[in-house]
Each structure stands twice: as structure tokens, then as C-alpha cells.
Amino acid sequence: MPGARLLALKAVAEAAVADPNLFRPFGSIEETVARLRTIRGIGEWTAHYIALRAIREMDAFPVTDIGILRGVASLNGGKSTPASLLSRAETWRPWRAYAAQHLWAADGRAFVSQGRLAG
């Protein structure tokens, strides 16, 4: 495991011990992400991913996730930038986490249809 990741995991564990409510819903997605980003080693993508998976924040959207970007490409037939996808995702509020799940699944279907997971 890379050293930076190990330090980030330790920082998250320390933050969870210090604040037992760390993984509970708190305000808006922007407030939740800002709170998570105060933890050493946690950036925008990781904060959104934690918000989506652990906090179950329905508007979390890790827009730079490679699986999400590939999912959009498989549905649209072309690449999308994080900036253009984030702009497009504004219309999906407050349900962007559901869109993320759909896009991850679309990415998986693209791999299966191309025979990459066949086996």
C-alpha cells in the first residue's frame, strides 16, 4: 500500500474515533464534502466516494472517477471531461449518487459486451 494512502487511512480512523458521527449525514453534500476534506489525505474524489458509500449521501458524485467517465463514454459513444459531466449532472440533483451507480454499471456492461470479463 502506498505510504500516502496508509497515512490517509490512519487519519480517517483517527477522525472516526474523535467524532463518532463522522459517517452520519450532515447538512448538504457541500458541507459533508468540506467536513471530510478536513481529514489529512482526503481530497474531493475520496470525500464524494465516502459520502456516497459510507454516509449514503444521495447527491454525492465523484465526477473524476474513471469508471463514471467510462460509463458516460459507453452511453454517449464519446469521452466526457469531468467539467462537462459535472455541468450535465446539475440536472440530476439531488440524485447524482444514483446516476453514479448507473454510470458505473454502464461501464461494467461495456467491458462485458467487449468480452473483457468473459471467461
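Provided above is the structure to which this section pertains.
Residues numbered from 1 in each chain as written. Predicted model: local features only at pLDDT ≥ 70, side-chain atom pairs only at ≥ 80, totals over all residues. Heavy atoms only, no water.

Novice: I'd love a proper account of the environment of Leu6, names of residues and values included.
Specialist: By the secondary structure assignment, Leu6 is in helix 1 (residues 3-18). Given a relative accessible area of 39%, Leu6 falls into the partly exposed group. Along the chain, Leu6 and Gly41 lie 35 residues apart, while their C-alpha atoms are 9.4 Å from each other. (Helix = DSSP H or I, 4+ residues; strand = E, 2+ residues; numbered from the N terminus. Buried < 20%, exposed > 50% of the residue type's maximum accessible area, 1.4 Å probe, protein only.)

Novice: Describe the nonpolar core, and please don't skip the residues or the numbers.
Specialist: Grouped together as the largest cluster of nonpolar side chains are 27 residues, with contacts concentrated most on Leu36, Ile39, Ile42, Phe61, Ile68 and Leu85. When residues in this core are grouped by element, the largest group, five residues, is from helix 6 (residues 96-113). Beyond its immediate stretch of four places on either side in the chain, Phe61 contacts His48, Ile68, Leu85, Leu86, Ala89, Trp92, Arg96, Ala99, Ala100 and Leu103. (Core = buried A, V, L, I, M, F, W, Y, C linked by side-chain atoms within 4.5 Å. Contact = heavy atoms within 4.5 Å.)

Novice: So, the pattern of salt bridges: which residues are in play, and what are the values?
Specialist: For the structure shown, the criterion picks out five salt bridges. Measuring nitrogen to oxygen at the nearest pair gives 2.9 Å for the salt bridge that ties Glu44 to Arg37. The salt bridge partner of Arg96 is Asp59, with a shortest N-O separation of 2.9 Å. In this pair, Arg96 sits in helix 6 while Asp59 sits in the loop between helix 3 (44-53) and helix 4 (66-76), placing the two residues 37 residues apart along the sequence. Beyond isolated ion pairs, a larger network of salt bridges with shared partners links Glu30, Asp59, Glu90, Arg93 and Arg96. (Salt bridge = Lys/Arg side-chain N within 4 Å of Asp/Glu carboxyl O.)

Novice: Go over the packing of aromatic side chains, please, and point to the residues and values.
Specialist: Tallied over the full model, the rule gives four aromatic pairs. Taken together, the ring pairs connect Trp45, Tyr49 and Trp104 into an aromatic cluster. (Phe/Tyr/Trp six-rings, centres within 6.5 Å; stacked < 30°, edge-to-face > 60°.)

Novice: Please set out the packing of helix 2 (residues 29-37) against helix 3 residue by residue, giving values where relevant.
Specialist: For the pair helix 2 and helix 3, the least separation of the axes is 9 Å and the interaxial angle reads 120 degrees. Between helix 2 and helix 3, the angle falls in the class oblique. Helix 2 and helix 3 meet at a crossing whose hand is right-handed. Facing helix 2, whose interface residues are Ile29, Thr32, Val33, Leu36 and Arg37, helix 3 presents Glu44, Ala47, His48, Ile50 and Ala51. (Axes fitted to C-alpha atoms, helices over the stretch in contact; angles between N-to-C directions. Parallel < 35°, antiparallel > 145°, perpendicular 65-115°, else oblique. Left-handed = near helix turned anticlockwise from the far one by under 90°.)

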